[in-house]
Amino acid sequence: RSSANIAAILDAPAAADPDRPALLVVDDVGAGGDEVDCTYGDLAAAVGRWSATPASRGGVAGDRVPLADWGGVRGTAVTLAAAHLGAATAQLSPLLTAAELGRIFPSSDRGAVAVASADASEALASALGPGGTVLDRPDAGARRVPDRHAGGDADALVLFTSGTTGTPRPVAVSH
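Residues numbered from 1 in each chain as written. Predicted model: local features only at pLDDT ≥ 70, side-chain atom pairs only at ≥ 80, totals over all residues. Heavy atoms only, no water.

## Points about the nonpolar core
Phase 1: In terms of nonpolar packing, the biggest core is built from 19 residues, with Val 47 and Trp 50 touching the most fellow members.
Phase 2: For this core, the secondary-structure elements that each account for two or more residues are helix H2 (40-56), strand S3 (64-68) and helix H3 (73-85).
Phase 3: Discounting chain neighbours no more than four positions away, the residues touching Val 47 are Leu 10, Ala 77, Leu 80 and Ala 81. (Core = buried A, V, L, I, M, F, W, Y, C linked by side-chain atoms within 4.5 Å. Buried < 20%, exposed > 50% of the residue type's maximum accessible area, 1.4 Å probe, protein only. Helix = DSSP H or I, 4+ residues; strand = E, 2+ residues; numbered from the N terminus. Contact = heavy atoms within 4.5 Å.)

## Focus on the confidence of the model for the protein
Phase 1: For the protein, the mean per-residue pLDDT works out to 87, and 91% of the residues sit at or above 70.
Phase 2: When mean pLDDT is compared element by element in the protein, helix H1 (residues 11-16) scores highest at 96, while strand S2 (residues 35-39) scores lowest at 81. (pLDDT = per-residue confidence, 0-100.)

## What about the pattern of salt bridges?
Phase 1: Applying the stated rule across the entire model yields five salt bridges.
Phase 2: Asp 69 is paired through a salt bridge with Arg 74; the nearest N and O atoms lie 3.1 Å apart.
Phase 3: Given a relative accessible area of 26%, Arg 74 falls into the partly exposed group.
Phase 4: Where Asp 136 meets Arg 137, a salt bridge forms, and the shortest distance between an N and an O atom there is 3.4 Å. (Salt bridge = Lys/Arg side-chain N within 4 Å of Asp/Glu carboxyl O.)

## Digging into the environment of Gly 86
Phase 1: On the secondary structure map, Gly 86 appears in the loop between H3 and strand S4 (88-92).
Phase 2: As a C-alpha pair, Gly 86 and Ala 52 span 34 residues in sequence and 13 Å in three-dimensional space.
Phase 3: Filtering out sequence-adjacent residues up to four positions away, Gly 86 remains in contact with Ala 61, Gly 62, His 149 and Asp 155.

## Considerations on the packing of H2 against H3
Phase 1: With their axes 8 Å apart at the nearest point, H2 and H3 run at an angle of 55° to one another. Between H2 and H3, the angle falls in the class oblique. In this structure, H2 crosses over H3, and the sense of that crossing is right-handed. Two secondary-structure elements touch here, H2 through Leu 43, Ala 46, Val 47, Trp 50, Ser 51, Pro 54 and Ala 55 and H3 through Val 73, Arg 74, Thr 76, Ala 77, Val 78, Leu 80, Ala 81, His 84 and Leu 85.
Phase 2: For the contact of H2 with H3, a count of residues per class yields twelve nonpolar, three polar and one charged. (Axes fitted to C-alpha atoms, helices over the stretch in contact; angles between N-to-C directions. Parallel < 35°, antiparallel > 145°, perpendicular 65-115°, else oblique. Left-handed = near helix turned anticlockwise from the far one by under 90°. Nonpolar A, V, L, I, M, F, W, Y, C, P; charged D, E, K, R; others polar.)

This is the structure we're talking about:
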């Protein structure tokens, strides 16, 4: 079993073939949207920008980064960036209301920032309460990418149970 940080998954392909497609994202699937390629180089750069953002706002290893987003480049980059920092994204459905988000992810569990798609941003900000910073893009001024956390047994991701018998509960997944 490797103790490497899950964010290291990008290192080899981004260095060897940065123009190779890493993700194929379909924008607005229901409307027959466009397919957009995201290369390994692009994804590695996005992870760097997202890593610098919470670090510039006081984010530290062990933080939980609420993420209410549809699948895509942002969600993938934020998840790997949080892991890079030694933090863990708490994967939340962008369809949840502020009340539902508040029940499954109390504001006391959050780190320096939260990330949400535009349609989920207001609900997540309301759930987090005063002082909750919700972003839909990385800070333009955040430039310093911190050193990568060791990973290992630290949490890299937090998923939530389905909640069929009550409030969904967090399940942490390590590197």
